[in-house]
Amino acid sequence: MAVPVAFFALFFAYPVTAIVARGLKAGGDWQFGRIGEVLGRPDILDVLWFTTWQALASTALTLLIALPGAYVFARFDFPGKQVLRAVVTVPFVLPTVVVGTAFLALLGRGGLLDELWGVRLDTTVWAILLAHVFFNYAVVVRTVGGLWSQLDPRQEEAARVLGAGRFAAFRRVTLPALAPAVAAAALMVFLFTFTSFGVVQILGGPAYSTLEVEIYRQTAQLLDLPTAAVLTLVQFAAVGGILAVHAATVRRRERALRLVDPAQTSRRPRGAGQWALLGGVLLTALLLILLPLGVLVERSFDGPGGYGFGYYGALQSVGAGGSSTFLVPPLEAVGNSLRYALVATLIALVIGGLAAAALTRRAGRLVRGFDALLMLPLGVSAVTVGFGFLITLDKPPLDLRTSWILVPLAQALVGVPFVVRTMLPVLRAVDDRLREAAAVLGASPLRAWREVDLPLVRRAVLVAAGFAFAVSLGEFGATVFIARPDTPTLPVAVARLLGRSGELNYGQAMALSTILMLVCAVSLLLLERIRTDRSGEF
C-alpha cells in the first residue's frame, strides 16, 4: 500500500486540500460559517438535488441498456466482435464538449429528430440522460463483461439440470457472482454522471446545473472561490459516503469463483431468442453510439466548398484562416496525446496494480478505507484538481509546472480507479487455496503472484490498460489547466478551437475529434487482438 498511498497523498490530497484551504481562508482566518451560508441558499439546494437524481437516473438507465450488451460480448462469438467492442469504447474518451455538440446536431434545433419528426430534446433532461448512457455504455460492457466471460457456464447449466428455470438459474447462480462487477460498474457510472460538466452545460442549458458546473461557474465566471470551495467539500463528502457504502455492501457478496478461459464460454448464438438479443444489442450500438459518431465524421468533411479534406489540411498549419489559437500546428496534439497517454497508462497500471494486490488481502478496516479513497479522484471536481496542481507543484522540490510529466500524472489519477475496479473483482475471485498450494510447494509470495494470480488476471490487466489509456486520451478537466501552450493534448486542442468563432475553427475541431476517435478505436482494436492472441495461455 505504501506506493499508492504516497502517490495519492502527493498528487491528489495535497493539491485538493491546498485549493480548498485557500478558498475558506480570508485574511489568514478560517471562515467555516461560510459552509452553512452557502448550503442554505435555495439555488445551491436545487443544484444538489438535480445532481443527485440525474446521476441515479443515468446509472439505472445505463445498466438497463448496457447489461444485455455485456452478456452478448461475454457469451457470443460473432463476426466483427473485436471491432464492435473497440467502437463502443470510443465515446468514453471523447471530450464532453464534442459529444454535446454532436447530440445537439441530433436532438437540437435543425437536428435529425427536428427534421424528421419536428421533435427537439435539447434543454431537456432526456438529452442529458441519453448522452450519459452514450458515454458510459462501455464501462458496463467491459467491466461486467470481462468477469462474465470468465465465469464457468457449467454452474448455471447444473442449476438448469436440477430443475431451475433459465431466469431462476441466472438470478441464483450467475447474478450473485456478477454482483461485485455490476456494483463496480454502477459506481463508476454514478461518479462520472454525478460530476458531469460538459454534457449538462451544453445540452441542459441554463435550466440545469450539476455541482461540477456550479463549481466551474463560481470559479471561472464569478471568481467566488469560497463558494466553489464549499461545493468542492460537499462533493467530496458525498462521494466519500457513497464509496463507503459501496465498499461495505460489495464485500459481503464477494466469494471465490471458478474462472475459465473466455474462449471456452464464447459460442455462436443459438435459437431465435439469442439471435434477437444479438440483433437488439447491435441496433442499440448503431443508434446510440454509431449515429452520434457518424455526425462528427460528417461534419469534419463538410467544408464551405463541399465535402473534402479541407479541415484536415488546415490542421497542419499554425495560423490557418488568421487564427492564432495555437503556437504549433494543431495536428501535433495527436503525438502529444499518445505520448502522455502511454506514460499515464504505465503509471496507472503500476499504482493501480499494487493497490489491487493490497486490497485482495482483506487486511482490516484500513484497507477497506483505502479501497474507497482510491475512487475519490473520479468524484472530485477536475477544476479543483487542476487549480490545485498549479498552486502546489510550483516550488522546489516539487517544481513541476514546466515539466511534461505533470500531464501524465494528472491523467493517471483518473486512470488508477479504473485499473483497481477492473482488476479487483477478478483478483478476489481467485481461490486462496491456489496461492496456499503454491506456498506449500515452496513458492515465495512474489512467485505465487507470478505463477497463480497473473495468468488468471492477465485479461483483466489488459482491459484495465485499455481503460487507463482511453481515459488518459480523453481527460480534459485537469489537463486544460496544466498543458503547456506548445504541447496541447487532443481534447485541449478541440476545446480551444470550439472556443473561437468561425467556420474554420469549428471544422478543425470536428476533424481533430474524428482523429481522436480513430486513434482510440485503433488502439483499442490492437488491444483486443493482443488480448485474444494471449487468451489461450491460461
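Residues numbered from 1 in each chain as written. Predicted model: local features only at pLDDT ≥ 70, side-chain atom pairs only at ≥ 80, totals over all residues. Heavy atoms only, no water.

Trainee: Looking at this model, I keep getting lost on the side chain of glutamate 475. Mind explaining?
Mentor: If you trace the backbone, glutamate 475 turns up in the loop between α22 (445-474) and α23 (479-482). The exposure class of glutamate 475 is buried, given its relative accessible area of 8%. A polar atom in the side chain of glutamate 475 sits 2.3 Å from the side chain of threonine 479. The residues contacting glutamate 475, other than those within four sequence positions of it, are Ala382, Gln411, Val414 and Pro491. (Helix = DSSP H or I, 4+ residues; strand = E, 2+ residues; numbered from the N terminus. Buried < 20%, exposed > 50% of the residue type's maximum accessible area, 1.4 Å probe, protein only. Polar contact = N/O pair within 3.5 Å; in protein donor to acceptor, adjacent residues only side chain to side chain. Contact = heavy atoms within 4.5 Å.)

Trainee: Mind showing me how you'd approach the packing of helix α7 (residues 125-148) against helix α14 (residues 271-301) here?
Mentor: The relative placement of two packed helices comes down to the angle between their axes together with the axis-to-axis distance. The N-to-C vectors of α7 and α14 enclose an angle of 105°; their axes lie 11 Å apart at closest approach. Overall, the two elements α7 and α14 adopt an arrangement that is roughly perpendicular. For the pair α7 and α14, the contacting residues are Leu130, Val133, Phe134 and Tyr137 in the first and Val281, Thr284, Leu288, Ile289, Pro292 and Leu293 in the second. Of the residues contributing to the contact of α7 with α14, the split by class is nine nonpolar, one polar and no charged. (Axes fitted to C-alpha atoms, helices over the stretch in contact; angles between N-to-C directions. Parallel < 35°, antiparallel > 145°, perpendicular 65-115°, else oblique. Nonpolar A, V, L, I, M, F, W, Y, C, P; charged D, E, K, R; others polar.)

Trainee: When you look at the confidence of the model for the chain in this model, what are you seeing that I'm missing?
Mentor: Should the pLDDT be low somewhere, the predicted coordinates at that spot are not to be read in detail. Looking at the chain, pLDDT values average 79 and 88% of them are 70 or higher. Note on residues 534-538: pLDDT under 50 across the span, and 10 contacts to partners over four residues away in sequence or across chains. (pLDDT = per-residue confidence, 0-100.)

Trainee: What exactly am I supposed to notice about the pattern of salt bridges here?
Mentor: A side chain with one charge may pair with a side chain of the opposite charge, provided their charged atoms come close. Taken as a whole and judged by the stated rule, the model has three salt bridges. A salt bridge links arginine 450 to glutamate 451, with the shortest nitrogen-to-oxygen separation between them at 3.7 Å. (Salt bridge = Lys/Arg side-chain N within 4 Å of Asp/Glu carboxyl O.)

Trainee: Can you walk me through the side chain of serine 209 in this structure?
Mentor: Tracing the backbone shows serine 209 in the loop between α10 (198-204) and α11 (211-221). Of the polar contacts made by the side chain of serine 209, one reaches the side chain of glutamate 214; its length is 3.3 Å.

Trainee: Looking at this structure, how should I read the packing of aromatic side chains?
Mentor: For any two aromatic rings, the description comes down to two numbers: the centre-to-centre distance and the angle of the planes. For the structure on display, the rule yields 15 aromatic pairs. When the centroid spacing of 5.8 Å and the interplanar angle of 75° are considered together, the rings of phenylalanine 7 and phenylalanine 8 count as edge-to-face. The burial state of phenylalanine 7 is the same as that of phenylalanine 8; both residues are buried. Members of the aromatic cluster, connected to one another through ring pairs, are Phe7, Phe8, Phe11 and Phe12. (Phe/Tyr/Trp six-rings, centres within 6.5 Å; stacked < 30°, edge-to-face > 60°.)

Trainee: How should I be thinking about α22 in this particular structure?
Mentor: Since the α-helix packs 3.6 residues into each turn, any two residues three or four apart lie on the same face. With 30 residues, α22 extends only 37 Å from end C-alpha to end C-alpha; this falls clearly short of the ideal 44 Å at 1.5 Å per step. The largest bend in α22 amounts to roughly 60° and is located at leucine 454, with the proline proline 455 lying one to four residues further along. Of all 30 residues in α22, 21 are buried; the element is thus mostly enclosed. (Expected span 1.5 Å × (residues − 1). Bend = angle between axes of the 7 residues up to and from the residue.)

Trainee: Would you mind going over the nonpolar core with me for this structure?
Mentor: Note that soluble globular proteins tend to have their nonpolar side chains buried in a common cluster. With 150 residues, the main nonpolar core has Phe7 and Phe389 as its most contacted residues. Setting aside its immediate chain neighbours within four residues, phenylalanine 7 contacts Phe12, Ile347, Ile351, Leu409, Ala412 and Leu413. Val430, Ala448, Val452 and Leu456 belong to the second largest nonpolar core, which has six residues in total. (Core = buried A, V, L, I, M, F, W, Y, C linked by side-chain atoms within 4.5 Å.)

Trainee: Hey, could you run me through the environment of alanine 448 in this one?
Mentor: Looking at the element boundaries, alanine 448 is found in helix α22. The spacing of alanine 448 and arginine 435 is 13 residues in sequence and 6.1 Å in space, taken between C-alpha atoms. Excluding its chain neighbours within four sequence positions, the residues that come into contact with alanine 448 are Ala438, Ala443 and Asp453.

Trainee: For this particular structure, what's the right way to read the packing of helix α4 (residues 81-89) against α7?
Mentor: Close contact between α4 and α7 brings their axes to 8 Å; oriented N to C, the two are set at 135°. On the basis of their axis angle, the class for α4 and α7 is oblique. Where α4 abuts α7, its residues Arg85, Val88 and Thr89 lie against Tyr137, Ala138 and Arg142. Residues belonging to the contact of α4 with α7 are distributed by class as follows: three nonpolar, one polar and two charged.

Trainee: Help me out: how do you make sense of the environment of arginine 120 in this one?
Mentor: Relative to the helices and strands, arginine 120 resides in the loop between α6 (112-117) and α7. Each C-alpha atom, one on arginine 120 and one on glycine 108, is 5.3 Å from the other, the two residues being 12 residues apart in sequence.

Trainee: Hey, could you run me through a nonpolar patch on the surface in this one?
Mentor: A grouping of Leu112, Leu116, Trp117, Val119, Leu283, Leu286, Leu287, Leu290 and Leu291 is seen on the molecular surface, where their side chains present a nonpolar patch of about 840 Å² in accessible area. Among the secondary structure elements, those contributing two or more residues to the nonpolar patch are α6 and α14. At five residues, the largest contribution of residues to the nonpolar patch is made by α14. (Patch = residues over 30% accessible without salt bridge, like charges linked within 9 Å, V, L, I, M, F, W, Y side chains within 5 Å. Areas by Shrake-Rupley, 256 points an atom, 1.4 Å probe, with all protein chains shown as cover.)

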